[in-house]
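Chain and residue survey
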Amino acid sequence: MQGGTEPAGVAPAASAGRSAPDADAGPPRTAAKQDVLVSFRRVEKTYDGRTNVVQSLDLDILRGEFLTLLGPSGSGKTTTLMMLAGFEVPTAGEILLDGRSLASVPPHKRSMGMVFQNYALFPHMTVAENLAYPLRRRGMPKAEVQAALQRAVAMVKLTGLEQRYPAQLSGGQQQRVAVARALIFQPALVLMDEPLGALDKNLREQMQLELKHLHAQLGATIVYVTHDQSGALTMSNRIAVFHDGVIQQLASPEEIYERPLNSFVANFIGENNALPGRIEATASATCRVRLDSGEIIEALRINPGADGRTLVSIRPERLRLAADAPSGVNRLHATVQETIYFGDHLRLHAEVGGTPVMLKLPLVQAADLTPGAAVTLAVDPAHCRALDPGV
């Protein structure tokens, strides 16, 4: 089975991941009991008895939500999924499904649908036989199997291909069969481990939208593991960003992208400009930062270091060219390095006092952006977040 576990040897989490949430942090980890389908309570996992791959995990998964566990390799996301599936046993803590402990429940009795990157279809069975297999294992009458089979192939747009074998299908069609097989017996919970990782970009994006629509149609609870940030932003109701075995932030896609709580989340999700500096003054939720370039900007005070060192996070689309920006807007003096044509927009790479920055600009602003040219950048303080200085 591909993608079974994360490697051991993860270092303890940085303090940035344990910081107290700010005023615009995401939803709390604990939800109303009637909404919770799965609960992780102080769950830990170690393979060598010394280093925890998953550290003291408290997580509630809400009934009917699409939750993505997102993070780099070795962050603990796949281990978390495998413990929920029953293929890994927690070293400590407890996992509850509908309020009942899963500790003594073997994987085949957890009634969870599962989809993996390698599809795991039976090569000697047709599409129809692959889909009927989990129903027949549950003793469903033949007439009900046929009705469920017809609904399933229609749901994933495979009507007419029921008698084909997996080898006669494209990669996208095989993945549709795998998804349909996981959903056909209407499980309360569906687990997906990098299910689209083997598909090309266009097909992967198409399948992301199809999964999103299927989730909305069926209302099943889906737990999805990936390191693909764009896919997570596209499909999820909530995203749990893992790093060093700890959830760094748990929130909606918009919250994760627009309001990251620490430098790891800001840099891992999407594209980000990180400007180093030191806080010189604070006022309730804001602060004045002197950048290492010498310039001073206003920012939201989110999670700076104890010594005042910070990385100011600014998304590329929030920066703009503005020689005469209005008062109250931060100005940065930059030097153009290069411009890159992206079809629907232009990417401007520049430097602010030796620190690289990137802007996404409309094509109409391409004039006079020659390498070495001096430009003034503007950004609203509300889009500048003073985060931890990182490592």
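A brief structural summary. What you are looking at is a predicted structure, and each value in this text was computed from that prediction instead of being measured. (Residues numbered from 1 in each chain as written. Predicted model: local features only at pLDDT ≥ 70, side-chain atom pairs only at ≥ 80, totals over all residues. Heavy atoms only, no water.)

**Some points on the overall build of the protein chain**
- Check the secondary structure of the protein chain and you find eight helices and 20 strands.
- The proportion of buried residues among the 391 residues of the protein chain is 50%.
- By sequence separation, contacts in the protein chain at least 24 residues apart represent 70% of the contacts at least 6 residues apart.
- In the structure as shown, the protein chain presents an accessible area of about 17800 Å², 51% of it carried by carbon and sulfur atoms. (Helix = DSSP H or I, 4+ residues; strand = E, 2+ residues; numbered from the N terminus. Buried < 20%, exposed > 50% of the residue type's maximum accessible area, 1.4 Å probe, protein only. Contact = heavy atoms within 4.5 Å. Areas by Shrake-Rupley, 256 points an atom, 1.4 Å probe, with all protein chains shown as cover.)

**Some remarks on the pattern of salt bridges**
- Applying the stated rule across the entire model yields 15 salt bridges.
- The partner of Asp48 in a salt bridge is Arg50, with the nearest N and O atoms 3.7 Å apart.
- What makes Arg50 exposed here is its relative accessible area of 68%.
- With a closest N to O distance of 2.9 Å, Glu271 and Lys360 form a salt bridge. (Salt bridge = Lys/Arg side-chain N within 4 Å of Asp/Glu carboxyl O.)

**Description of the environment of Leu211**
- Positionally, Leu211 belongs in helix H5 (residues 201-218).
- Separated by 24 residues in the primary sequence, Leu211 and Met235 have C-alpha atoms spaced 7.4 Å apart.
- In this view, Leu211 contacts Val179, Met192, Leu196, Tyr224 and Met235; residues no more than four positions away in its chain are not counted.

**What about the packing of aromatic side chains?**
- Summed over the entire model, instances satisfying the criterion amount to three aromatic pairs.
- With a centroid separation of 4.9 Å and an interplanar angle of 65°, the aromatic rings of Phe122 and Tyr133 are classed as edge-to-face. Of this pair, Phe122 sits in the loop between strand E6 (112-116) and helix H2 (127-137) while Tyr133 is found in helix H2, placing the two residues 11 residues apart along the sequence.
- Tyr133 sits in the partly exposed class, given a relative accessible area of 30%.
- Judged by centre distance (5.5 Å) and plane angle (10°), the rings of Phe264 and Phe268 are stacked. Here Phe264 and its partner Phe268 are both found in helix H8 (residues 263-268), four residues apart, which amounts to about one turn of the helix.
- The ring of Phe342 carries Arg347 above its face, with NZ or CZ at 4.0 Å from the centroid. (Phe/Tyr/Trp six-rings, centres within 6.5 Å; stacked < 30°, edge-to-face > 60°. Lys NZ or Arg CZ within 6 Å of the ring centre and 35° of its normal.)

**A few points about the sheet that holds strand E20 (residues 385-387)**
- Read around the closed barrel, five strands run E11-E12-E13-E20-E14, paired in mixed fashion. Recorded for the sheet is a direction-independent mean angle of 55° between the axes of neighbouring strands.
- Alignment of strand E11 (residues 273-283) against strand E12 (residues 286-291), held across six bridges, turns out to be antiparallel. Residue pairing in the sheet places Ile279 in a bridge with Val289 of E12. (Pairing = 2+ DSSP bridges. Axes fitted to C-alpha atoms, helices over the stretch in contact; angles between N-to-C directions.)

**A short note on the layout of surface pockets**
- Reported here for the largest pocket is a volume of approximately 730 Å³.
- Taken together, 23 residues line the largest pocket, and the ones lying closest to its centre are Met112, Tyr133, Pro134, Arg138 and Phe185.
- At the level of elements, E6, H2 and helix H4 (171-183) are the ones that each hand at least two residues to the lining of the largest pocket.
- Split by residue class, the lining of the largest pocket holds 15 nonpolar, three polar and five charged. (1 Å grid on protein atoms, 1.4 Å probe; cavity = no way out; pocket = protein on both sides within 12 Å on 5 of 7 lines; lining within 4 Å. Points joined across faces, edges and corners; volume = space filled by probe spheres on them. Nonpolar A, V, L, I, M, F, W, Y, C, P; charged D, E, K, R; others polar.)

**A short note on empty space enclosed by the protein**
- Applying the stated rule across the entire model yields two cavities of 30 Å³ or more.
- Empty space within the largest cavity amounts to approximately 40 Å³.
- Lining the largest cavity, in full, are Val179, Leu183, Met192, Leu211, Leu214, His215, Leu218, Ala220 and Ile222.
- Residue assignment for the lining of the largest cavity shows that the elements contributing at least two residues are H4 and H5.
- No other element matches the four residues that H5 contributes to the lining of the largest cavity.
- Across the lining of the largest cavity, the residue classes tally to eight nonpolar, one polar and no charged.
- Considered as a void within the structure, the second largest cavity measures approximately 30 Å³ in volume.
- Around the second largest cavity, the lining residues are Val156, Arg176, Val179, Met207, Glu210, Leu211 and Leu214.
- Listing elements by their share of the lining of the second largest cavity, those giving two or more residues are H4 and H5.

**Observations regarding the pairing of strand E19 (residues 374-379)**
- The buried count for E19 comes to five of six residues, which makes it a mostly enclosed element.
- Bridge count for strand E15 (residues 320-321) against E19 is two bridges, and the pairing is antiparallel. Within E19, the position partnered with Leu321 by the bridge is Leu377.
- Summarising the sheet, strand E16 (residues 330-341) and E19 pair through six bridges and their orientation is antiparallel.

**Description of helix H3 (residues 142-155)**
- Taking 1.5 Å as the rise per residue, H3 with 14 residues should run 20 Å; its terminal C-alpha atoms sit 20 Å apart, in good agreement.
- All buried positions along H3 are accounted for by Val145, Ala148, Leu149, Ala152, Val153 and Met155. The buried residues of H3 all sit within an arc of 150° when viewed along its axis, so they share a single face. Opposite the buried face of H3, by more than 90 degrees, sit the exposed residues Ala143, Gln150 and Arg151.
- Taken together, the buried residues of H3 touch H2, H4 and H5.
- Just beyond H3, the residue with positive phi is Lys157, at close to 60°. (Expected span 1.5 Å × (residues − 1). Arc of directions from axis to C-beta.)

**A closer look at helix H1 (residues 77-85)**
- Burial analysis of H1 places nine of its nine residues in the buried class, which makes it a mostly covered element.
- All buried positions along H1 are accounted for by Lys77, Thr78, Thr79, Thr80, Leu81, Met82, Met83, Leu84 and Ala85.

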